[in-house]
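Listed below are the residues making up each chain.
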Amino acid sequence: EKANLALIVDRYKESFTSLPQGKGWLGETLYLYQGYWYPSITFISIATVMALQDTFQAKPTDIYLVTQPKSGTTWIKALAFAIVNRTRYNNKCLVTHPLLTINPHDCVPFIENEILRSKPTYMDENSTRLFATHMPYNSLPQSILDSGCRLVYMCRNPKDVLVSMFHFVNKLKGDFSHDVLKLEDAFEKFSKGIGSCYPYWDHVKGYYKASLEHPTRILFLTYENMKMDTANNVKRLADFIGYPFTKEEEDNGVVQEIVSLCSFKSLSDVNKHGKIVSGVPSHAFFREGEVEDWKKHLTKEMTHILDEITKEKFHGLDISF
Ligand code: A3P
């Protein structure tokens, strides 16, 4: 994958080096492309975005789980994977459920990684392809829009996304550098819309508006709502992606089984050790898993500024956390 990334970076170098540049949360160079910032080297790189736009082929039966980093990607991957594969790994079969041993990121690939693979993840022509992506709506490969396939977008309170990202970056930094990211610096970048796939607000707004225009194609969810009523949102999700629960399944507690299997407690217990395929420690995707954890971290002034930006950017939109 690394070799393929180097090839893609090389192929698109001329196109992206002339773009406006900034500095990311890990000190990496960012490039501004179609209104969003992307790094040049990590998996959601400017070159992979360009390559996906040029070459990615979606199918009408595909399902895309779209998030911004730290908005609940790991959780929605687990839930959708458990829903789609529930008859393959039920109580009666002897195979251990993959989510009891494997990180959700290794169960559902990002298209940003898929494009770097020599062999496709889904070899069976007839299997439903469940993918994830962090790409903003206006930059999605045209074939995803044209194929008529379904997209599920999950967003989260910007203050919790900021705090979650701040901790995640420091966990990653801890692996290779002693220089710690300060919350003030993270806040500054977040509120200015600088960071991988940011501005945060434009990303959310893009999918929110698209979900109103195409309600049968795009389901708009929030992390907070999913936390508040996981079972009903799991049912909504299953209906939307074409895997509705039967009455019998509901009566047999299948929905609750999926909720428990994908709960923060269950997934964080499974993922205490090891690394996902891309090399990130498995435990890095699990911290608190709570709503409004930002209250423990952000100052009054930071809160006020972020609330003001959110009020202005989401003015007239029915988005609440
Ligand atoms: P916190 O840092 O606030 O705890 P992502 O998966 O997009 O990288 O987001 C990570 C955030 O989702 C982290 O938030 C993490 O703890 C939380 N998370 C991971 N798995 C979860 C689950 N099963 N249920 C609820 N939250 C979860």
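Scroll up a little and you will see the structure.
What you see is a predicted model, and the numbers here were worked out from it, not measured in a lab. (Residues numbered from 1 in each chain as written. Predicted model: local features only at pLDDT ≥ 70, side-chain atom pairs only at ≥ 80, totals over all residues. Heavy atoms only, no water.)

**Focus: the overall build of the chain**
Part 1: The secondary structure content of the chain amounts to 14 helices and seven strands.
Part 2: Expected size for 321 residues packed as a compact globule is a radius of gyration near 20 Å; at 19 Å, the chain falls within 12% of this value.
Part 3: If one aligns the C-alpha atoms of the chain with their principal axes, the spans along those axes are about 55 × 45 × 45 Å.
Part 4: Burial statistics for the chain: of 321 residues in total, 54% are counted as buried.
Part 5: Surface exposure of the chain reaches about 15300 Å², of which carbon and sulfur atoms provide 53%.
Part 6: One way to put it: in the chain the 37 positive side-chain charges average out to a point 2 Å from where the 38 negative ones average out. (Helix = DSSP H or I, 4+ residues; strand = E, 2+ residues; numbered from the N terminus. Rg over C-alpha atoms; globule rule 2.2 N^0.38 Å. Buried < 20%, exposed > 50% of the residue type's maximum accessible area, 1.4 Å probe, protein only. Areas by Shrake-Rupley, 256 points an atom, 1.4 Å probe, with all protein chains shown as cover. Lys, Arg positive; Asp, Glu negative; His and termini not counted. Charge placed at Lys NZ, Arg CZ, Asp CG, Glu CD.)

**A closer look at the environment of Thr 48**
Part 1: By the element assignment, Thr 48 lies in helix α2 (residues 46–55).
Part 2: As a C-alpha pair, Thr 48 and Asn 113 span 65 residues in sequence and 8.4 Å in three-dimensional space.
Part 3: At 2.8 Å, the side chain of Thr 48 and the backbone oxygen of Ser 45 are in polar contact. (Polar contact = N/O pair within 3.5 Å; in protein donor to acceptor, adjacent residues only side chain to side chain.)

**With respect to the sheet that holds strand β1 (residues 21–23)**
Part 1: Taking strand neighbours across the sheet as the criterion, the three strands line up as β1-β2-β3 in an open arrangement whose pairing is antiparallel. The strands lining the two open edges of the sheet, one partner per strand, are β1 and β3 (36–39). The mean angle between the axes of side-by-side strands here comes to 40°, regardless of whether they run parallel or antiparallel.
Part 2: The pairing of strand β2 (residues 29–33) with β3 spans four bridges and is antiparallel. If you follow Leu 32 over to β3, its bridge partner there is Trp 37. (Pairing = 2+ DSSP bridges. Axes fitted to C-alpha atoms, helices over the stretch in contact; angles between N-to-C directions.)

**A few points about the packing of helix α1 (residues 2–16) against α2**
Part 1: Interhelical geometry of α1 versus α2 gives an angle of 90° and a closest axis separation of 8 Å. In this view, α1 runs roughly perpendicular relative to α2, as classed from their interaxial angle. For the pair α1 and α2, contact is made by Leu 5, Ile 8, Val 9, Tyr 12, Ser 15 and Phe 16 and by Ile 46, Ala 47, Thr 48, Met 50, Ala 51 and Asp 54, respectively.
Part 2: Of the residues in the contact of α1 with α2, the class split is nine nonpolar, two polar and one charged. (Parallel < 35°, antiparallel > 145°, perpendicular 65-115°, else oblique. Contact = heavy atoms within 4.5 Å. Nonpolar A, V, L, I, M, F, W, Y, C, P; charged D, E, K, R; others polar.)

**Section: helix α7 (residues 183–191)**
Part 1: What α7 keeps buried is the set Leu 183, Ala 186, Phe 187, Phe 190 and Ser 191. Looking down the long axis of α7, one finds its buried residues gathered within 120° of arc, a one-sided arrangement. (Arc of directions from axis to C-beta.)

**Re the sheet that holds strand β4 (residues 63–67)**
Part 1: The strand order across the open sheet formed by four strands is β5-β4-β6-β7, and the pairing between neighbours is parallel. Both outer strands of the open sheet, β5 (130–133) and β7 (218–222), are each paired with one neighbouring strand and no more. This sheet shows a mean twist of 20° between the axes of neighbouring strands, independent of strand direction.
Part 2: Here five bridges tie β4 to strand β6 (residues 150–155), and the two strands are oriented parallel to one another. If you follow Thr 67 over to β6, its bridge partner there is Met 154.
Part 3: With respect to the sheet, helix α3 (residues 73–84) is in contact with β4, β5, β6 and β7, its orientation differing from that of β4 by roughly 160°.
Part 4: Lying over the sheet, helix α10 (residues 230–240) contacts β6 and β7, oriented at roughly 165° with respect to β7.

**Considerations on the site of the ligand**
Part 1: Surrounding the ligand, one finds 19 residues, the nearest of these being Lys 70, Thr 73, Thr 74, Ser 164 and Glu 288.
Part 2: The backbone of Gly 72 places a nitrogen or oxygen atom 3.1 Å from an oxygen atom of the ligand.
Part 3: Thr 74 places a side-chain nitrogen or oxygen 2.4 Å from an oxygen atom of the ligand.
Part 4: Protein burial of the ligand: of its 570 Å² of free accessible surface, 98% is covered by the chains.
Part 5: Only α3 and α13 (264–270) provide two or more residues apiece to the shell around the ligand.
Part 6: Top contributing element to the shell around the ligand by residue count: α3, with three residues.
Part 7: For the shell around the ligand, the residue count by class is eight nonpolar, seven polar and four charged. (Near = heavy atom within 4 Å.)

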